[in-house]
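# Examining the three-dimensional arrangement
Here are the chains, one letter per residue:
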Amino acid sequence: MTAAVAPQLIDRFGRTVDYLRISITDRCDFRCVYCMAEDMVFLPRAQILSLEEIYTLAQAFTELGVKKIRITGGEPLVRKGALELLQSIGRLHGLQELVLTTNGSQLESMAVALQAAGVKRVNISLDTLDADKFKAITRTGDLAQVIKGIKAATAAGFERIKLNAVILKNRNHQEVCDLVGFAVEQGVDISFIEEMPLGVVAQHNRSDAYYSSDSIKADLAQAFALLPSTATTGGPSKYFQIAGTDTRVGFISPHSTNFCSTCNRVRLTVEGRLLLCLGNEHSVDLKQVLRTSPGDGAALQQAIIEAMQIKPEKHEFNIHEQPVILRYMNMTGG
Ligand code: SAM
Ligand code: SF4
């Protein structure tokens, strides 16, 4: 850990931005039904940031006071050079926390090296413990491989591991207790996420598939004692401790609880677009700044500072309407 850099990214609502999520690829070895279309067309290489450009941007953000970076995608670990990129970002001055979100498919072979690269915490997506359902939700994923990845990660010595489960009514809502049981068994945390309307999906009606965090809590209360916890990871999750265990259960509820007033984050897409809000289209093209003024660190920092002025006050999700946000989650960097 290195000394903090004074925050310089403050928006119109007085919120300090000190957390950057970077999507390092839009590609993925899975095709989760809520995240991508089955016949997803991925971006051509010329349109995506090189690993060097991603590093330059990460460096600019840390120089402006960003303390935490999450690497995500797409599936970040399928991008060639991902490990080396994580190693260099992990050494940036001022960065206090490097974390990763992954579908777990590559963790069996990469967990040890990722931990050594300085990744502190890992979020692993796991929506079901049923192999057939897993295949149906991810279209191409293999549950056994992901379970091996989770076990490799728990053995590798990360500070914390969290499972992320997107819960859809009548698809996996019946499994919330089993998923928590599995998290307890593995000694990891788990967060339940309400589906967000990003991109058009064909397989289910998002309004019908909505299963609220309150319903999940009520289901869990039948099997576990949930103790309110003050724990926070600086994000929108509200945490509960499962009595008698180290496991915390978090709820990310964009529909039932609005968490925008404490938002401290921005997202960088692999196209180099800085998204100021997950649920709005406001963005700034940082790739253009990088490519028109190569090596001009001051111009890049100025563009980032100015971008804070268009960070919206709150997201505009409405699960009952057609999505206003047409980009998919794999483009956004969930
Ligand atoms: N491929 C990695 C993974 O699956 O963890 C990282 C990228 S993925 C886009 C990040 C997270 O976003 C995953 O936990 C995934 O379940 C979640 N996600 C994808 N589409 C979503 C949606 N429409 N609503 C809510 N969460 C979504
Ligand atoms: Fe891939 Fe993650 Fe999207 Fe699933 S949620 S398709 S694993 S990027």
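What comes next is a walk through the structure.

Each value, and the rule that gives it
Residues numbered from 1 in each chain as written. Chains lettered and ligands numbered in written order. Predicted model: local features only at pLDDT ≥ 70, side-chain atom pairs only at ≥ 80, totals over all residues. Heavy atoms only, no water. Buried < 20%, exposed > 50% of the residue type's maximum accessible area, 1.4 Å probe, protein only. Helix = DSSP H or I, 4+ residues; strand = E, 2+ residues; numbered from the N terminus. Pairing = 2+ DSSP bridges. Right-handed = clockwise from strand over helix to strand, strands pointing away. Axes fitted to C-alpha atoms, helices over the stretch in contact; angles between N-to-C directions. Contact = heavy atoms within 4.5 Å. Disulfide = S-S within 2.5 Å. Near = heavy atom within 4 Å. Polar contact = N/O pair within 3.5 Å; in protein donor to acceptor, adjacent residues only side chain to side chain. Areas by Shrake-Rupley, 256 points an atom, 1.4 Å probe, with all protein chains shown as cover. Parallel < 35°, antiparallel > 145°, perpendicular 65-115°, else oblique. Left-handed = near helix turned anticlockwise from the far one by under 90°. Salt bridge = Lys/Arg side-chain N within 4 Å of Asp/Glu carboxyl O.

### Quick look at the pairing of strand β5 (residues 160-166)
Counting buried residues along β5, six of its seven residues qualify, which places the element largely inside the surrounding structure. Sheet analysis places strand β4 (residues 119-125) next to β5, joined by five bridges and oriented parallel. When the sheet's bridge partners are listed, Ser 125 is paired in β5 with Asn 164. Note that β5 and strand β6 (residues 189-193) share five bridges and pair parallel. Considered in β6, the bridge of Val 166 is made with Ile 193. Crossover handedness for the path β5 to helix α6 (residues 176-186) to β6: right-handed.

### Let's talk about unusual backbone geometry
Peptide bonds are, in most cases, trans, and in most cases residues other than glycine have a negative phi. A positive phi is found at Arg 139, a non-glycine position, where the angle reads about 65 degrees. Residue position: Arg 139 is located in the loop between α4 (131-138) and α5 (143-156). Residue Arg 139 is classed as buried on the basis of its relative accessible area, which comes to 18%.

### A word on the sheet that holds β6
Strand order in the open sheet made by the 12 strands is β7-β8-β9-β6-β5-β4-β3-β2-β1-β10-β11-β12, with mixed pairing throughout. One side of each edge strand has no neighbouring strand; the edge strands of this open sheet are β7 (226-228) and β12 (283-285). Pairs of neighbouring strands in the sheet enclose a mean axial angle of 25 degrees, with direction left out of account. Inspection of the sheet shows strand β11 (residues 273-275) paired to β12 by three bridges, in the antiparallel sense. Each bridged residue has a counterpart across the sheet, and for Leu 275 the counterpart in β12 is Ser 283. Strands β1 (19-23), β2 (68-72), β10 (265-268) and β11 of the sheet are contacted by helix α1 (residues 51-63), whose axis makes an angle of about 175 degrees with β1.

### Quick look at the state of the cysteines
Counted by the stated rule, this structure contains zero disulfides. Here Cys 260 stays unpaired: no disulfide links it, and the sulfur of Cys 277, its closest cysteine neighbor, is 5.9 Å away.

### With respect to the site of ligand 1
Around ligand 1 lies a shell of 19 residues, among which Tyr 34, Gly 74, Thr 102, Ser 125 and Met 196 are the nearest. Within the backbone of Tyr 34, one N or O atom sits 3.0 Å away from a nitrogen atom of ligand 1. Ser 125 places a side-chain nitrogen or oxygen 2.6 Å from an oxygen atom of ligand 1. Protein coverage of the free-state accessible area of ligand 1, which is 540 Å², stands at 96%. For the shell around ligand 1, the secondary-structure elements that each account for two or more residues are β3 (97-102) and β5.

### Here we look at the packing of helix α3 (residues 107-116) against α5
One can describe the packing of α3 onto α5 by two numbers: an axis separation of 8 Å at closest approach and a directional angle of 25 degrees. With respect to each other, α3 and α5 are oriented roughly parallel. Between α3 and α5 lies a crossing whose hand is right-handed. Within the contact between the two elements, α3 uses Leu 107, Glu 108, Ala 111, Val 112 and Gln 115 and α5 uses Gln 145, Lys 148, Gly 149, Ala 152, Ala 153 and Ala 156.

### So, the pattern of salt bridges
Tallying each qualifying case throughout the model produces nine salt bridges. For the salt bridge of Asp 11 with Arg 15, the shortest nitrogen-to-oxygen distance reads 2.7 Å. In terms of burial, Asp 11 and Arg 15 fall into one category: buried. Each of the salt bridges in this network shares a partner with another, and the network as a whole consists of Arg 160, Asp 189 and Arg 248.

### Points about the environment of Met 308
In this structure, Met 308 sits in the loop between α10 (297-307) and α11 (329-332). Expressed as a C-alpha distance, the spacing of Met 308 and Ile 10, which sit 298 residues apart in the sequence, is 6.4 Å. Contact partners of Met 308, with chain neighbours within four places excluded, come to Leu 9, Ile 10, Asp 11, Arg 12, Val 17, Val 266, Leu 274 and Leu 276.

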